[in-house]
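# Remarks on the overall topology
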Amino acid sequence: MKVGVLGAKGRVGSEICRAVDRATDLRLVAGIGSDDEVDSLALADVVVDFTRPDAVMDNLRWCLGRGLHCVVGTTGFDEARLDEVRGLLADAPGVGVVVAPNFSVGAALMTRFAVMAAPFYESVEIVELHHPDKADAPSGTSRRTAELVAAARREAGLEPVPDATVTALEGARGADVEGIHVHSVRSRGLVAHQEVLLGAAGETLTIRHDSMDRASFVPGVLVAVHAVVARPGLTLGIEELLGLD
Ligand code: NAP
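These numbers were taken from a predicted model, which means no experiment stands behind them.

### Observations regarding the overall build of the protein
Across its full length, the protein holds 6 helices and 11 strands. Scaling as 2.2 N^0.38, a compact globule of 245 residues should have a C-alpha radius of gyration of about 18 Å, and the protein matches this with 19 Å. Overall size of the protein, expressed as C-alpha extent along the three principal axes, is 60 × 40 × 30 Å. The burial tally for the protein puts 47% of its 245 residues in the buried class. The contacts in the protein between residues at least 6 apart in sequence include a share of 72% that link residues at least 24 apart. For the protein, the accessible area works out to roughly 12,000 Å², and carbon and sulfur atoms hold 52% of it. Averaged over its 23 positive side-chain charges, the protein has a centre that lies 4 Å from the centre of its 35 negative ones.

Next up, the structure:
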């Protein structure tokens with residue numbers, strides 16, 4: 001399979017280029033940086049995008065307009081963006097797009113475990129910790145974890161998470177994502193980490209995942225590259241691709 005990478009000189013994109021080069025069943029036909037012409041991407045079967053939130057939609061329009069399958073790791077996908085991708089896909093029958101806020105297998109497992117645990121605990125909060133060069137907060141992974149945990153709580157008929165706070169400095173309780181508090185830490189030395197803290201009377205459960213190296217995103221991206229050609233339409237997250245749903 002022929003693969004093109006957008007953001008090929010970036011921290012994650014360069015890892016993906018090396019991994020595609022190493023894979024015996026994949027061939028890197030285009031590694032595109034921000035100053036490069038994109039024409040050679042048209043040779044690819046699948047395009048992987050790890051660029052920037054302000055560039056990714058133009059990239060997707062270009063790729064989907066040419067019938068190229070896409071695997072997208074770039075963050076910043078809210079519902080409006082996802083709707084636009086669905087619209088673009090409606091005009092590109094047979095074409096697949098995988099958008100995942102986190103391609104790490106461990107992070108997908110962490111989210112899955114959090115959803116499994118959510119119905120059993122009265123309290124839950126999320127702490128996400130990243131390097132200080134990250135532009136968005138909270139992280140896409142923590143938002144998605146919070147949304148899925150909130151849905152699991154609703155389905156189980158749980159009351160809102162207890163919280164007696166009446167006065168607080170702005171931001172002290174973190175962001176509120178569907179009733180789940182999400183706290184963002186930024187520090188030099190970190191890569192990408194997340195804790196889901198669950199609490200019930202007399203016990204707590206902490207589910208923690210650490211990405212120490214951007215190599216952790218590679219296996220999930222390669223799974224998506226192989227899967228996307230047989231999955232027309234939009235696939236969100238890698239959970240389904242890993243058989244976790
Ligand atoms: P990075 O090191 O800044 O790399 C981004 C690269 O994209 C840069 O080399 C940049 O070039 C290039 N670029 C920007 N616009 C482009 C365009 N239109 N065409 C081609 N290349 C373009 O960032 P990163 O850490 O690799 O992260 C990239 C994105 O992936 C971010 O949104 C990040 O949050 C996300 N991310 C996702 C996951 C996941 O698992 N889903 C994991 C880690 C990171 P210039 O420097 O010349 O602008």
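Picking up where we left off.
### Brief notes about the side chain of Thr 111
Within the element layout of this structure, Thr 111 appears in helix α4 (residues 105-117). Its relative accessible area of 5% is what places Thr 111 among the buried residues. Look past the residues within four positions of Thr 111 in its chain and what remains in contact with it is Thr 145, Leu 148 and Glu 239.

### Some words on the side chain of Ser 104
If you trace the backbone, Ser 104 turns up in the loop between β5 (96-99) and α4. A polar contact is formed between the side chain of Ser 104 and the side chain of His 209, at a distance of 3.2 Å.

### Digging into the sheet that holds β5
Read from one edge to the other, the open sheet built from 6 strands follows the order β2-β1-β3-β4-β5-β11, with strand pairing classed as parallel. Two strands in the sheet have a free side with no partner beyond their single neighbour: β2 (27-32) and β11 (233-236). The mean inter-strand angle of the sheet, taken between neighbouring strand axes irrespective of direction, is 15°. Bridge count for β5 against β11 is 4 bridges, and the pairing is parallel. Of the residues in β11, the one forming a bridge with Val 99 is Leu 236. Along the sheet, helix α3 (residues 79-90) contacts β5 and β11; its crossing angle with β11, the most-contacted strand, is approximately 145°.

### Quick word on the pairing of strand β1 (residues 2-6)
Counting buried positions along β1 yields 4 of 5 residues, so the element is predominantly enclosed. Both β1 and β2 contribute to a ladder of 5 bridges, which runs parallel. Counterpart to Val 3 in the pairing with β2 is Leu 28. The parallel pair β1 and β2, bridged by helix α1 (residues 11-22), forms a crossover whose chirality is right-handed. Bridge count between β1 and strand β3 (residues 46-49): 4 bridges; the pairing is parallel. The residue of β3 that forms the bridge with Val 5 is Val 48.

Rules behind the numbers
- Residues numbered from 1 in each chain as written.
- Predicted model: local features only at pLDDT ≥ 70, side-chain atom pairs only at ≥ 80, totals over all residues.
- Heavy atoms only, no water.
- Helix = DSSP H or I, 4+ residues; strand = E, 2+ residues; numbered from the N terminus.
- Rg over C-alpha atoms; globule rule 2.2 N^0.38 Å.
- Buried < 20%, exposed > 50% of the residue type's maximum accessible area, 1.4 Å probe, protein only.
- Contact = heavy atoms within 4.5 Å.
- Areas by Shrake-Rupley, 256 points an atom, 1.4 Å probe, with all protein chains shown as cover.
- Lys, Arg positive; Asp, Glu negative; His and termini not counted.
- Charge placed at Lys NZ, Arg CZ, Asp CG, Glu CD.
- Polar contact = N/O pair within 3.5 Å; in protein donor to acceptor, adjacent residues only side chain to side chain.
- Pairing = 2+ DSSP bridges.
- Axes fitted to C-alpha atoms, helices over the stretch in contact; angles between N-to-C directions.
- Right-handed = clockwise from strand over helix to strand, strands pointing away.

Distances and angles like these do not, on their own, reveal function.
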